[in-house]
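Structural features, examined
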Amino acid sequence: MINPFFHIPRRRFITLAMLAAVVAFGWYAVQPVYPRCTIRSAVGSGGLVPAVTSEEEMTAIARQAYEDALADGACGPSHARFRDWIG
């Protein structure tokens, strides 16, 4: 007697679910991560922003602070998340 677990529809579903899980894990692994020093460099840069600054402007200011810290050698460049996993 054949085990009902291995019927074609269930096998196809399990295969597609596993494929989706592998793709999602791969996408997560290649996302860029930034060193923690970006926060310290952005705060230590001495720049003051008004309280009514929009979120887009804050993102641009933070990105500029990171680029300045990167150019000064205070922070390392961003890298893929999986680089932390393999050492």
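Counting restarts for each chain, with residues numbered from 1 along the sequence as it is written. In keeping with the predicted nature of the model, local features appear solely for residues at pLDDT of at least 70, side-chain atom pairs appear and are counted solely at 80 or more, and the whole-chain, interface and lining totals rest on all residues. Side-chain metrics rest on all non-hydrogen atoms present in the structure, leaving aside hydrogens and water.

Some points on the confidence of the model for the protein chain
Confidence of the predictor in every single residue is expressed as pLDDT, which spans 0 to 100. Of all residues in the protein chain, 78% attain a pLDDT of 70 or more, and the chain-wide mean is 78. When pLDDT is averaged over each helix and strand of the protein chain, the minimum, 50, is found for helix H2 (residues 37–44) and the maximum, 92, for helix H1 (residues 8–29). Any two residues whose heavy atoms approach within 4.5 Å are treated as being in contact. Considering only residues more than four positions removed or in separate chains, one finds that residues 38–44, a stretch of pLDDT under 50, has six contacts. In this description a helix means any DSSP run of H or I spanning at least four residues, a strand means any run of E spanning at least two, and both kinds are numbered starting from the N terminus.

Quick notes on the side chain of arginine 81
With respect to the secondary-structure elements, arginine 81 resides in the loop between strand S2 (79–80) and helix H4 (82–86). Working definition: with a 1.4 Å probe on protein chains only, accessible area under 20% of the residue-type maximum means buried, over 50% means exposed, and in between means partly exposed. Positive charges are assigned to Lys and Arg, negative charges to Asp and Glu, while His and the chain termini are left out of the count. Between Lys or Arg on one side and Asp or Glu on the other, a salt bridge is scored when a side-chain nitrogen of the former is within 4 Å of a carboxyl oxygen of the latter. One buried charged residue, arginine 81, forms no salt bridge at all, with the nearest opposite charge on aspartate 84 at 6.5 Å. Those residues in contact with arginine 81 that sit more than four places away from it in its chain are Tyr28, Ala29, Gln31 and Val33.

Things to note about a nonpolar patch on the surface
A patch is a set of surface residues, each over 30% in relative accessible area and not in a salt bridge, joined within 9 Å for like charges and within 5 Å for the nonpolar side chains Val, Leu, Ile, Met, Phe, Trp and Tyr. The method behind every accessible area is Shrake-Rupley, applied with a 1.4 Å probe, and residues are considered shielded solely by the protein chains displayed. A surface patch of nonpolar side chains, amounting to about 630 Å² of accessible area, comprises Phe25, Trp27, Tyr28, Trp85 and Ile86. At the level of elements, H1 and H4 are the ones that each hand at least two residues to the nonpolar patch. Considering the arrangement of structural elements, one finds tyrosine 28 in helix H1.

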